[in-house]
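Commentary on secondary and tertiary structure
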Amino acid sequence: MKEKSRFLIIDIIGMILLIAFDLITKDFAATSLKGNDPYVLVKGVFEFRYLENHGAAFSMFQDKQLFLSIIAFIAVFFILFMLYRTPVKRHYRLLRICLIGIAAGAAGNLIDRLFLGYVRDFLYFVLIDFPIFNVADIYVTCSVFLLVILILFYYKEDDFKEIRIHRK
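Rules behind the numbers
Residues numbered from 1 in each chain as written. Predicted model: local features only at pLDDT ≥ 70, side-chain atom pairs only at ≥ 80, totals over all residues. Heavy atoms only, no water. Helix = DSSP H or I, 4+ residues; strand = E, 2+ residues; numbered from the N terminus. Buried < 20%, exposed > 50% of the residue type's maximum accessible area, 1.4 Å probe, protein only. Areas by Shrake-Rupley, 256 points an atom, 1.4 Å probe, with all protein chains shown as cover. Lys, Arg positive; Asp, Glu negative; His and termini not counted. Charge placed at Lys NZ, Arg CZ, Asp CG, Glu CD. Pairing = 2+ DSSP bridges. Axes fitted to C-alpha atoms, helices over the stretch in contact; angles between N-to-C directions. Core = buried A, V, L, I, M, F, W, Y, C linked by side-chain atoms within 4.5 Å. Contact = heavy atoms within 4.5 Å. Left-handed = near helix turned anticlockwise from the far one by under 90°. Nonpolar A, V, L, I, M, F, W, Y, C, P; charged D, E, K, R; others polar. Parallel < 35°, antiparallel > 145°, perpendicular 65-115°, else oblique. Salt bridge = Lys/Arg side-chain N within 4 Å of Asp/Glu carboxyl O.

Looking only at helices and strands, the protein chain features four helices and three strands. In sequence order, the protein chain lays out its α and β elements as α-β-β-α-α-β-α. Along the longest, intermediate and shortest principal axes, the C-alpha atoms of the protein chain span 60 × 30 × 25 Å. A total of 168 residues make up the protein chain; the buried ones form 39% of that total. Per element, the accessible surface of the protein chain, about 10,700 Å² overall, is 71% carbon and sulfur. For the protein chain, the separation between the mean place of its 20 positive charges and that of its 16 negative charges on side chains is 10 Å.

Below, the structure is given as structure tokens:
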């Protein structure tokens, strides 16, 4: 049990570091970009453009901050529970990393919603006119993508039997 607790503490520290990096980048973007013209990094391809998003991904659920906050809180709590249930074997390391990324992204945006009432976005791919996003969104997107790949090609159904909640 000590090893499991140690891994959970390491997971939480990793999550906190990712959240801190997300919040630092959002603060920098708000300080540097808010009220200013976008900062063009590669003309016609990528720029930093500040946006206060009052919704979720692709601006869905506009002005539903309470609903989005509750969903994010539940997701973070569930992922922490899953990290606790996940074996500390090397085989599950990538799964743990994915869960940490998803939880950190959800928590980073949750913090914005709770303290500001909106999420600060600032990364914009002009070339494909992709919605403006932030570092927390990158954590979630990359982690979910990797998780899908892992579930499809790496993990087998039996690998998840150790994680399941057993009813007695």
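Another point: the environment of S32. Here S32 lies in helix α1 (residues 2-33). Along the backbone, S32 and F48 are 16 residues apart, and their C-alpha atoms lie at a distance of 9.7 Å.

Take the sheet that holds strand β3 (residues 119-125) next. Spatially, the three strands line up as an open sheet ordered β1-β2-β3, and their pairing is antiparallel. Two strands in the sheet have a free side with no partner beyond their single neighbour: β1 (39-42) and β3. Averaged over all pairs of adjacent strands, the angle between strand axes in this sheet comes to 35°, irrespective of strand direction. Where β1 lies against strand β2 (residues 46-53), three bridges are found, and the strand directions are antiparallel. In the strand pairing of β2, V42 is matched with F46.

With that out of the way, let us pick up the nonpolar core. Judged by nonpolar contacts, the single largest core of 33 residues is most densely connected at M15, I19, I79, L83, L95, L99 and F122. When residues in this core are grouped by element, the largest group, nine residues, is from helix α3 (residues 93-116). If we skip the residues at most four places from it in the chain, F122 touches T25, K26, A29, L33, E47, F48, R49, Y50, I132, F133, N134 and V135.

So, about the packing of α1 against helix α2 (residues 65-85). If you want to describe how two helices pack, look at the angle between their axes and the distance between the axes. Relative to each other, α1 and α2 sit at 145°, their axes nearing to 9 Å. Of the two elements, α1 crosses α2, and the hand of that crossing is right-handed. Along its contact with α1, which presents K4, L8, D11, I12 and M15, the element α2 presents L80, L83, Y84 and R85. In the contact of α1 with α2, the residues fall into six nonpolar, no polar and three charged.

What follows deals with the packing of α1 against helix α4 (residues 135-153). Remark: α1 packs on α4, axes separated minimally by 8 Å, with the N-to-C direction vectors making an angle of 140°. Looking at the two axes, α1 sits oblique to α4. The segment α1 lies against α4, with L18, F21, D22, T25 and K26 engaging V135, A136 and Y139. Here the contact of α1 with α4 is composed, by residue class, of five nonpolar, one polar and two charged.

We now examine the pattern of salt bridges. Considering all chains together, one arrives at eight salt bridges under this definition. One salt bridge in this structure joins D22 and K26, with 2.9 Å as the shortest N-O distance. Note that D22 and K26 are positioned in helix α1 at a spacing of four residues, about one turn of the helix. For K26, a relative accessible area of 0% translates into the label buried. Here D112 ties to K26 by a salt bridge, and the two come within 3.4 Å at their closest N and O atoms. Note that D112 is positioned in helix α3 and K26 in helix α1, a separation of 86 residues in sequence. An identical accessibility class is assigned to D112 and K26; each is buried. One network of salt bridges, with partners in common, ties together D22, K26, D27, D112 and R120.

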